[in-house]
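Summary of the model geometry
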Amino acid sequence: MARHTFARLAVFALAARPAAGLALDRRAALRWSAGASAGLVAEQALAADAPAAEPPAAPPAAEPKPAPAKLFDVTLPFKGKDVPLSKFRGDAHLVVNIKMDDPVAGANFNAMRYAAKEYPGLRVWAVPTEQGYYEPDVSELVRAKAYQQFGFGTYPTAVVFDKIDVVGSTRHPLYSYLATYPDPNGVGRLSLNFEKFLLDKDGRILRRYPRKFTAFDFEADINAATNGEQLPAPSAQFKDAWVKAASDAKKGEYSFRGNYNVWDQSEPSKDWDGLADLGFT
């Protein structure tokens, strides 16, 4: 009798409580009226009637970096003809502005030749320029020297293009695109000879390297890029090289510096086109 009285009191209390506590109070009343065992059965029934909990939302997928618009439709001059970059498409790409008389030319070319040989999916684009410290050799001679002195220039894996402008208002569209990826010092445009840009197969810029940091130093990055994998974290040596590059960019002979060796000419630089104007054939 006492149990039934308690049950009625519990139901009365249940009706008087706000809806927010309804489920909990109903369970309590059922336990009072039917005992612990019956209360457990009723609780399970209530749980079965309750709406299923929604699964936790999956974390949003990281959006891929945008690919450059029509990069592989862009042309670069090669032996006097404009050739689309699609002709040199690979699993990854290494773009390097070169200067033949730079003291670090040998170390960089040797590393570039090694990378092109050891990683067949890699395409190395070497780009000479008149800008910065003057390049006295014409494009054909630059190509010949690169091959004769360093064994670099096996088409289409490792290519020395004709000269183009790489800074200023006349810079080539390729370098306008590369300038959108600032170096760790916050500089977008080229600041030194032999700066290197590693791109994936779709032309997205993966990482940028300074003048004295050769392909030997970032071989692990090249290996990852040619395999379509994420690059390893930047090394301490990489970070140190950019610290030193910041100093070189301010005073180095082989840097691109305003009022020193960089000009923003109104017309693009023109490579040597022979002696026809002087009457020679």
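Details of the structure are given in the entry above.
Residues numbered from 1 in each chain as written. Predicted model: local features only at pLDDT ≥ 70, side-chain atom pairs only at ≥ 80, totals over all residues. Heavy atoms only, no water.

1. Let's talk about the overall build of the protein chain
In terms of regular secondary structure, the protein chain is built from seven helices and seven strands. Within the protein chain, the proportion of its 281 residues that are buried is 43%. In the protein chain, 70% of the contacts between residues at least 6 apart in sequence involve partners at least 24 apart. (Helix = DSSP H or I, 4+ residues; strand = E, 2+ residues; numbered from the N terminus. Buried < 20%, exposed > 50% of the residue type's maximum accessible area, 1.4 Å probe, protein only. Contact = heavy atoms within 4.5 Å.)

2. Thoughts on the sheet that holds strand S5 (residues 158-160)
If you trace the five strands from one edge of the open sheet to the other, you get S5-S4-S3-S6-S7, paired in mixed fashion. Bordering the open sheet on either side are S5 and strand S7 (205-209), each of which pairs with just one other strand. Shown here is a sheet whose adjacent strand axes are inclined to one another by a mean of 15 degrees, direction ignored. The pairing of strand S4 (residues 122-128) with S5 spans three bridges and is parallel. Within the sheet, the bridge partner assigned to Trp125 lies in S5 and is Val159. (Pairing = 2+ DSSP bridges. Axes fitted to C-alpha atoms, helices over the stretch in contact; angles between N-to-C directions.)

3. Focus: the pairing of S7
Of all five residues that make up S7, five are buried, and the element is covered over most of its length. Strand direction decides the pairing type here: strand S6 (residues 196-200) and S7, joined by four bridges, are antiparallel. Bridged to Leu199 within S7 is Ile205. Hairpin connection of S6 to S7: four residues between the antiparallel strands, including Gly203 at a positive phi of 90 degrees.

4. Observations concerning the layout of surface pockets
Within this model, the largest pocket holds a volume of roughly 250 Å³. Taken together, twelve residues line the largest pocket, and the ones lying closest to its centre are Asp200, Leu206, Gly228, Glu229 and Gln230. When the residues that make up the lining of the largest pocket are grouped by side-chain class, the tally is three nonpolar, two polar and seven charged. (1 Å grid on protein atoms, 1.4 Å probe; cavity = no way out; pocket = protein on both sides within 12 Å on 5 of 7 lines; lining within 4 Å. Points joined across faces, edges and corners; volume = space filled by probe spheres on them. Nonpolar A, V, L, I, M, F, W, Y, C, P; charged D, E, K, R; others polar.)

5. Focus: the packing of aromatic side chains
For the structure shown, the criterion picks out 14 aromatic pairs. Arranged with centres 6.2 Å apart and planes meeting at 75 degrees, the rings of Phe78 and Phe161 form a pair that is edge-to-face. Of this pair, Phe78 sits in strand S1 (residues 75-78) while Phe161 sits in the loop between S5 and helix H5 (173-178), and the two are 83 residues apart along the sequence. Consider the rings of Phe109 and Phe194, whose centres lie 6.0 Å apart with planes at 85 degrees: the pair is edge-to-face. Separated by 85 residues along the polypeptide, Phe109 in helix H3 (residues 105-118) and Phe194 in the loop between H5 and S6 bring together distant segments of the chain. Among the residues examined, Phe109 registers a relative accessible area of 0% and is labelled buried. (Phe/Tyr/Trp six-rings, centres within 6.5 Å; stacked < 30°, edge-to-face > 60°.)

6. Points about the pairing of S1
As defined by bridge partners, S1 adjoins strand S2 (residues 81-84) across four bridges and the pair is classed as antiparallel. Across the sheet, Thr75 pairs through a bridge with Pro84, a residue of S2. Where S1 folds back on S2, the antiparallel hairpin that results is connected by two residues, among which Lys79 adopts a positive phi of roughly 55 degrees.

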